[in-house]
Amino acid sequence: GDVDSEGGGTVAVVTAGTTDIPVAEEAALTLEHTSTNVVRIYDCGVAGLHRIISHLPTLQSEDVDCVIVCAGMDGALPSVVAGLVKCPVIAVPTSVGYGASFGGVAAMLTMLNSCAPGVTVTNIDNGFGAAASAYKVVKRIEEKSGGGR
């Protein structure tokens, strides 16, 4: 969970549960392919808020330019994270879950109705799309700061 700001910008990729990791890895690997620094913070869902709280120093670091949050089930984690960080949050609903999760639709609707400012939502399981959006944020910051930090 340490931030390495050498090279390009930094994106934190967060999951609520372990079943969200494949979508998060799609985002993380896409970003790494662009030489963007990635910090992985996995299995930090709202069922145990102490887990995300323990990562606040990393998430709130000035070196983190954007956070991608992947969550299924109730999809609440992106709102929690957005309320704790200053940077943009890209929410990715995942199709995992049971009962009334409707293949990720329940998580997506929760994310779309977030009352936390600064949350952007991708389509269900769209880790690549989240990475593409995060990359644009990082590159724009780099361009405005003269190409380096």
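For the structure, check the block above.
Residues numbered from 1 in each chain as written. Predicted model: local features only at pLDDT ≥ 70, side-chain atom pairs only at ≥ 80, totals over all residues. Heavy atoms only, no water.

(A) Structural view of the pairing of strand β3 (residues 64-71). For β3, a buried count of 8 out of 8 residues is recorded, marking the element as mostly surrounded by other parts of the structure. Of the pairings in the sheet, the one linking strand β1 (residues 10-15) to β3 comprises 6 bridges and is parallel in character. The residue of β3 that forms the bridge with Ala12 is Val67. Pairing geometry for β3 and strand β4 (residues 89-93), over 5 bridges, is parallel. Bridge assignment links Ile68 to a residue of β4, and that residue is Ile90. Chirality of the crossover, the property in question, places the unit of β3, helix α4 (residues 77-82) and β4 among those that are right-handed. (Buried < 20%, exposed > 50% of the residue type's maximum accessible area, 1.4 Å probe, protein only. Helix = DSSP H or I, 4+ residues; strand = E, 2+ residues; numbered from the N terminus. Pairing = 2+ DSSP bridges. Right-handed = clockwise from strand over helix to strand, strands pointing away.)

(B) Expanded view of helix α5 (residues 105-112). Among all positions of α5, only Ala107, Met108 and Met111 are buried. Along the long axis of α5, the arc covered by the buried residues comes to 100°, so they all point the same way. For α5, the secondary structure elements touched by its buried residues are β3, α4, β4 and β5 (119-121). (Arc of directions from axis to C-beta. Contact = heavy atoms within 4.5 Å.)

(C) Local environment of helix α6 (residues 127-144). If you check α6, its first and last C-alpha atoms are 26 Å apart, about what 18 residues at 1.5 Å a residue would give, namely 26 Å. The complete set of buried residues in α6 reads Gly127, Gly129, Ala130, Ala131, Ala134, Val138 and Glu142. Elements in contact with the buried residues of α6: β1, α1 (21-33), β3 and β4. With its phi angle positive at about 85°, Gly146 sits one or two positions after the end of α6. (Expected span 1.5 Å × (residues − 1).)

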